[in-house]
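Here is what each chain is made of, one letter per residue.
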Amino acid sequence: MPIDEQRILLTQAAPGMVLSRTVALLNKVPLCARGTALTEIIISRLMARGIKRVYVQGHPLPAPTREAYIEVMTKLAERFSRVRHEPIMVNLQKIVERALTRRT
């Protein structure tokens, strides 16, 4: 049975949140085990090691809404509206759209 979890930025983590997955470096060296309750000290140490995101149990942060996603994409299209005739800018817009889509 999979654990109900949410992937969050480490900057959004708060003391008391519980890790649902082990946090490890790129070379697979574990830093914190699954089930560890986060503290200010642990969060600071993970940040110092370059960890950007963690998986925590439950859904402590609200998920982005579809309306918010549409608003972001609309604003992005507006920002690129004056350079639609430039192929490199069209490609850049697509790259930014993919990056934003992966984040949500």
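Every value quoted in this text rests on a predicted model; they were computed, and no experiment measured them.

Draft legend 1. Quick peek at the overall build of the protein chain. The helix and strand tally for the protein chain stands at three helices and four strands. The C-alpha radius of gyration of the protein chain comes to 18 Å, more than 25% above the 13 Å expected for a compact globule of 104 residues. Principal-axis analysis of the C-alpha atoms gives the protein chain an extent of 50 × 30 × 30 Å. Sorting the 104 residues of the protein chain into buried and exposed places 18% on the buried side. In the protein chain, of all internal contacts separated by at least 6 residues, the share reaching a separation of at least 24 is 59%. For the protein chain, the exposed area adds up to about 7900 Å²; of that, 57% sits on carbon and sulfur atoms. For the protein chain, the separation between the mean place of its 17 positive charges and that of its 8 negative charges on side chains is 9 Å.

Draft legend 2. Geometry of the pattern of salt bridges. The full count for this structure, using the stated rule, is two salt bridges. For Lys-75, the salt bridge identified is with Glu-71, shortest N-O distance 3.3 Å. Of this pair, Lys-75 and Glu-71 both sit in helix H2 (residues 66–80), four residues apart, roughly one helical turn. Taking relative accessible area as the criterion, Lys-75 reaches 39% and is therefore assigned partly exposed.

Draft legend 3. View of the environment of Glu-86. Within the secondary structure, Glu-86 sits in the loop between H2 and helix H3 (87–103). Taking C-alpha positions, Glu-86 is 16 Å from Leu-76, a pair spaced ten residues apart along the chain. Within the structure, Glu-86 has its side chain in polar contact with the side chain of His-85 (distance 3.3 Å).

Draft legend 4. Structural view of the pairing of strand S1 (residues 5–9). Because side chains alternate across S1, one face comprises the buried residues Gln-6 and Ile-8, and the other comprises Glu-5, Arg-7 and Leu-9, none of which is buried. One ladder, built from five bridges, connects S1 with strand S4 (residues 53–57); its direction is antiparallel. Each bridged residue has a counterpart across the sheet, and for Gln-6 the counterpart in S4 is Val-56.

Draft legend 5. Geometry of the environment of Pro-15. Checked against the element boundaries, Pro-15 lands in the loop between S1 and strand S2 (23–24). Excluding residues within four positions of it along the chain, Pro-15 makes contact with Leu-38, Thr-39, Glu-40 and Ile-43.

Thresholds applied
Here the residue numbering is sequential within each chain, running from 1 through the sequence in written order. Confidence filtering applies because this is a predicted model: local features only for residues at pLDDT of at least 70, side-chain atom pairs given and counted only at 80 or more, and all residues used for totals across whole chains, interfaces and linings. By convention in this description, side-chain values take in all heavy atoms of the structure and omit both hydrogens and water. Only DSSP runs of H or I covering at least 4 residues are called helices, and only runs of E covering at least 2 are called strands; the numbering of each starts at the N terminus. Between the two quantities, the radius of gyration covers C-alpha atoms and the globule rule is 2.2 Å times the number of residues to the power 0.38. Residue exposure (1.4 Å probe, protein chains only): buried if accessible area is under 20% of the type maximum, exposed if over 50%, otherwise partly exposed. By definition in these notes, contact holds between two residues if any of their heavy atoms fall within 4.5 Å. The protein chains shown are the only cover counted for residues, whose accessible areas, like all others here, come from Shrake-Rupley with a 1.4 Å probe. When charges are counted, Lys and Arg contribute as positive and Asp and Glu as negative, whereas His and the chain ends are disregarded. Charge positions are represented by NZ for Lys, CZ for Arg, CG for Asp and CD for Glu. When a carboxyl oxygen of Asp or Glu lies within 4 Å of a side-chain nitrogen of Lys or Arg, that pair is called a salt bridge. Counted as a polar contact is a pair of N or O atoms within 3.5 Å, where, for protein atoms, one must be capable of donating a hydrogen and the other of accepting one, and residues adjacent in sequence contribute only when both atoms are in side chains. Note on pairing: DSSP must find at least two bridges between two strands before they are called paired.

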